[in-house]
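Listed here are the chains, written in short residue letters.
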Amino acid sequence: MTIMFQDLGLSSDLMKAVKRMGFEEATPIQAQTIPLGLQKRDVIGQAQTGTGKTAAFGLPLVEKIEPTNSQIQAIVIAPTRELAIQVSEELYKISYYKRARVLPIYGGQDINRQIRALKKNPQIIVGTPGRLIDHINRKTINLQGVHTVVLDEADEMLNMGFIEDIEAILSNIPNERQTLLFSATMPDPIRMIAERFMTNPELVKVKAKEVTVPNIQQYSLETQEKKKFDVLTRLLDIQSPELAIVFGRTKRRVDELSEALTLRGYAAEGIHGDLSQAKRMSALRKFKDGSIEVLVATDVAARGLDISGVTHVYNFDIPQDPESYVHRIGRTGRAGKNGVAMTFVTPRETDMLRNIERTTKRKMDRMKPPTLDEALEGQQQMTTEKIRTTIDGADLSYYKRSAQELLEEFDSETVVAAVIKLMTKGPDDVPVRLTDEPPAYSRSKNRSPRGKRDGQQRPSGSSKKGTRSYSEKGRSQQRRPYNKKSKSE
Ligand SMILES: Nc1ncnc2c1ncn2[C@@H]1O[C@H](COP(=O)(O)OP(=O)(O)OP(=O)(O)O)[C@@H](O)[C@H]1O
Ligand SMILES: [Mg+2]
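Residues numbered from 1 in each chain as written. Chains lettered and ligands numbered in written order. Predicted model: local features only at pLDDT ≥ 70, side-chain atom pairs only at ≥ 80, totals over all residues.

Colleague: Looking at this model, I keep getting lost on the overall build of the protein. Mind explaining?
Modeller: The secondary structure content of the protein amounts to 18 helices and 14 strands. Put simply, 79% of the contacts in the protein that link residues at least 6 apart link residues at least 24 apart. (Helix = DSSP H or I, 4+ residues; strand = E, 2+ residues; numbered from the N terminus. Contact = placed C-beta atoms within 7 Å.)

The following block contains the structure:
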């Protein structure tokens with residue numbers, strides 16, 4: 001059944017904003033959770049990637065902001081800086097006519113600037129856990145007026161290392177609050193932890209046979225570790241994605257891969273948690289405006305990011321758990337668009353592959369790595385396509401005299417073949433250096449602690465204020481199975 005936004009009981013300011021955002025019908029998760037959100041019910045909302053969960057919590061959240069109250073009234077917590085920025089932008093759009101004041105608060109940004117911004121009475125805060133705790137400890141943020149809390153990517157934030165941070169933040173927020181949790185994945189043990197923070201929550205799980213959306217074509221390719229890079233470049237040449245995200249397991253991997261791709265002539269940049277915030281933002285900006293075509297990333301970019309034009313996701317390294325797979329491939333195929341996801345599997349990782357397929361209840365299509373000939377063929381096709389569009393679109397009169405000269409000397413087939421050769425990228429053997437990654441191990445059977453993972457990092461300043469401080473590296477080592485420990489010490 002189609003549900004329109006006007007059926008959901010939203011005010012005219014928000015209806016105008018929804019229209020301005022170009023939304024017509026509500027998505028299923030929006031149709032089901034917006035009324036609950038407006039009734040101030042606690043909600044756990046689980047729906048596939050790219051199906052509009054942000055507006056599902058954002059619309060009721062903004063609706064409940066009291067314009068004359070200058071306290072912080074709502075807070076959204078997100079696991080990464082880029083996601084916090086993106087969610088705050090979406091809330092800003094929703095608030096466009098209502099004029100609720102939204103402020104993102106995240107690590108890597110000048111804290112004094114944030115303190116000044118906090119003094120200007122924002123009503124909605126979107127933040128990453130580490131920086132929020134930093135402000136709580138400095139007493140530069142007052143959460144006593146908060147009536148709505150959202151955990152976006154809730155399972156990630158209640159997972160292992162993050163849970164203490166979340167508990168610390170929630171302990172500064174009045175108990176009589178509305179708590180909303182959203183994610184595309186919600187493993188049962190995490191849901192049980194979540195319910196501890198909630199009052200009689202309604203679980204809204206959009207009925208879908210599959211955890212992943214059907215409009216993403218999913219493939220797996222078995223390949224040796226040493227051959228992965230050639231396979232990737234061939235696929236890029238054949239498939240010529242509009243925008244592609246290549247996921248690597250570690251930060252070193254991402255650095256080496258983006259460098260190697262650049263050496264081979266692809267416009268690529270990397271993003272991971274050890275880069276400065278300025279670098280992270282500049283890579284993402286270039287990717288969004290199309291000045292780079294390949295973003296190489298750790299899982300720091302796996303969750304929530306909504307970048308239109310991402311047609312392909314390549315799992316250069318197979319993800320460490322099924323949830324990560326779901327989120328990574330969900331960077332394509334958003335809002336009903338089509339997408340392609342390719343997962344490289346080394347022979348010793350076939351268990352991991354099966355584990356992912358079991359969880360997603362969907363078998364990936366097996367694909368053979370393309371041969372060099374197929375790659376060259378693909379490149380030729382791209383060239384001929386370019387020639388066709390040039391013939392259709394450009395004024396060629398200026399070039400016709402030279403064309404005639406060539407045609408007097410050679411037959412037309414030879415001339416065109418030479419042009420195609422010149423325009424086609426030949427086999428490239430610029431040497432590149434990639435350190436081998438050991439095969440991934442399956443950790444979901446016994447839920448062993450996660451290995452080194454890239455994600456949100458704790459600001460260095462927090463130790464001074466009495467909280468633990470550990471580097472991103474140290475932090476991920478502190479992550480532990482969520483079933484071993486529950487309350488913060
Ligand atoms: N009702 C709607 N009609 C059309 N487009 C929509 C609608 N709701 C949201 N969108 C658009 O769909 C895209 C995906 O939305 P969003 O980022 O909220 O997805 P999500 O469910 O949070 O995904 P993820 O699990 O990856 O975080 C966005 O570009 C958003 O603007
Ligand atoms: Mg989201």
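Colleague: Whenever I open this one, the site of ligand 1 confuses me. Can you help?
Modeller: Every one of the 19 residues lining ligand 1 counts as a neighbour, but Thr-49, Gly-52, Lys-53, Thr-54 and Ala-335 are closest to it. Counting residues per element, the shell around ligand 1 draws most heavily on helix α3 (residues 53-63), which supplies three residues. Of the residues in the shell around ligand 1, the class split is six nonpolar, nine polar and four charged. (Near = placed C-beta within 6 Å. Nonpolar A, V, L, I, M, F, W, Y, C, P; charged D, E, K, R; others polar.)

Colleague: Quick question: what am I supposed to make of the domain arrangement of the protein here?
Modeller: In many reports, interface size means the accessible area that the parts give up when they come together. Domain parsing of the protein yields domain 1 (5-206), domain 2 (210-370) and domain 3 (373-423). Inter-centroid distance (C-alpha atoms) of domain 2 to domain 3 is 33 Å. Contacts between the two partners involve five residues from domain 2, matched on the other side by five residues from domain 3. For the side of domain 2 that touches domain 3, the class distribution of residues is two nonpolar, one polar and two charged. (Domains from an automatic or database assignment.)

Colleague: Explain the pairing of strand β5 (residues 148-152) here, please?
Modeller: On a regular strand, one side chain projects to one face of the sheet and the next to the other, so that they alternate. By the criterion of burial, β5 is predominantly enclosed, with five of the five residues buried. Residues Thr-148, Val-150 and Asp-152 of β5 are buried on one face, and the alternating residues Val-149 and Leu-151, pointing to the opposite face, are buried as well. With four bridges joining them, strand β2 (residues 74-77) and β5 adopt parallel strand pairing. From the neighbouring strand, Ile-75 faces β5, where its bridge partner is Val-149. Bridge analysis of β5 against strand β6 (residues 178-183) gives five bridges, and the strand direction is parallel. In the sheet register, Thr-148 faces β6, and the bridge partner there is Gln-178. (Buried ≥ 20, exposed ≤ 12 C-beta atoms within 10 Å, placed from the backbone. Pairing = 2+ DSSP bridges.)

Colleague: I'm lost on the nonpolar core in this one. Help?
Modeller: Generally speaking, nonpolar side chains in soluble globular proteins are found buried as a group. Val-246 and Leu-295 are the most contacted members of the largest nonpolar core, which totals 109 residues. The biggest single contributor to this core is α3, with six residues. When we break this core down by domain, the ones giving at least three residues each are domain 1 (5-206) and domain 2 (210-370). Look past the residues within four positions of Leu-295 in its chain and what remains in contact with it is Ile-245, Glu-269, Ile-271, Ala-283, Phe-287 and Ala-301. (Core = buried A, V, L, I, M, F, W, Y, C linked by C-beta atoms within 7 Å.)

Colleague: Can you help me understand the UniProt feature "domain: Helicase ATP-binding" (unreviewed entry) in the protein in this one?
Modeller: Under the local residue numbering, the UniProt record ascribes the feature "domain: Helicase ATP-binding" (unreviewed entry) to residues 34-204. Helix makes up 41% of residues 34-204 and strand makes up 18%, while its end C-alpha atoms are separated by 11 Å. (UniProt positions renumbered as here; feature names shortened; annotations may be inferred.)

Colleague: I would appreciate a short explanation of the UniProt feature "domain: Helicase C-terminal" (unreviewed entry) in the protein in the present structure.
Modeller: On the UniProt side, "domain: Helicase C-terminal" (unreviewed entry) is annotated at positions that read residues 215-375 here. Between the end C-alpha atoms of residues 215-375 there is a gap of 25 Å, over a span that is 37% helix and 22% strand.

Colleague: Looking at this structure, how should I read the sheet that holds β5?
Modeller: Think of a sheet as strands paired side by side through backbone hydrogen bonds, with each pair either parallel or antiparallel. Reading across from one edge, β3-β4-β2-β5-β6-β1-β7 is the order of the seven strands in this open sheet, with parallel pairing throughout. With one partner strand each, in any of the chains shown, β3 (102-105) and β7 (202-205) form the two edges of the open sheet. Between one strand axis and the next, the sheet turns by 15° as a mean value, whatever way the strands run. Where helix α2 (residues 28-38) meets the sheet, its contacts fall on β1 (43-46), β6 and β7, and the angle it forms with β1 comes to roughly 170°. (Axes fitted to C-alpha atoms, helices over the stretch in contact; angles between N-to-C directions.)

Colleague: I tried to follow unusual backbone geometry on my own but got confused; where do I start?
Modeller: Negative phi characterises most residues that are not glycine, and trans characterises most peptide bonds. Phi angles above zero are rare outside glycine, and Asn-200 is one such case at about 45°. Here Asn-200 shows up in the loop between α9 (188-196) and β7.

Colleague: Is there a simple way to think about the packing of helix α6 (residues 129-138) against helix α8 (residues 162-170) in this case?
Modeller: When two helices pack together, you describe them by how their axes are tilted relative to each other and by the distance separating the axes. Viewed as axis vectors pointing N to C, α6 and α8 meet at an angle of 40°, and their least axial separation amounts to 10 Å. With respect to each other, α6 and α8 are oriented oblique. The interaxial crossing formed by α6 with α8 has left-handed handedness. Contact with α6, carried on its side by Pro-129, Gly-130, Leu-132, Ile-133 and Ile-136, involves Phe-162, Asp-165, Ile-166, Ala-168 and Ile-169 of α8 and no other residues of that element. A breakdown of the residues in the contact of α6 with α8 according to their chemical character gives eight nonpolar, one polar and one charged. (Parallel < 35°, antiparallel > 145°, perpendicular 65-115°, else oblique. Left-handed = near helix turned anticlockwise from the far one by under 90°.)

Colleague: Please clarify how the confidence of the model for the protein should be interpreted in this entry.
Modeller: In low-pLDDT regions, the fine details of the predicted coordinates are not to be read closely. Taken residue by residue, the protein gives an average pLDDT of 89. The fraction at 70 or more is 90%. Low confidence marks residues 445-452, where pLDDT is under 50. Its contacts with residues over four positions away, or in another chain, come to 15 contacts. Below a pLDDT of 50 lies the segment residues 456-489, which in the model reaches 67 contacts outside its immediate sequence neighbourhood of four places, other chains included. Two numbers describe this predicted complex: its pTM, 0.88, and its ipTM, 0.99. (pLDDT = per-residue confidence, 0-100.)

Colleague: For this particular structure, what's the right way to read the environment of Leu-261?
Modeller: Tracing the chain through its elements places Leu-261 in helix α11 (residues 251-263). Residue class for Leu-261 comes out buried when judged on the 24 C-beta atoms lying within 10 Å of it. C-alpha of Leu-261 to C-alpha of Val-310: the two residues are 49 residues apart in sequence and 18 Å apart in space. Look past the residues within four positions of Leu-261 in its chain and what remains in contact with it is Tyr-266, Ala-268, Val-294 and Val-296.

Colleague: Can you help me understand the sheet that holds strand β10 (residues 268-271) in this one?
Modeller: One open sheet accounts for seven strands, arranged β10-β11-β9-β12-β13-β8-β14; its pairing is parallel. Both edges of this open sheet fall to β10 and β14 (365-367), since each of them pairs with a single strand only. Within the sheet, the average angular offset between the axes of one strand and its neighbour, ignoring direction, is 25°. Across seven bridges, strand β8 (residues 216-222) lies against strand β13 (residues 339-345) in parallel orientation.

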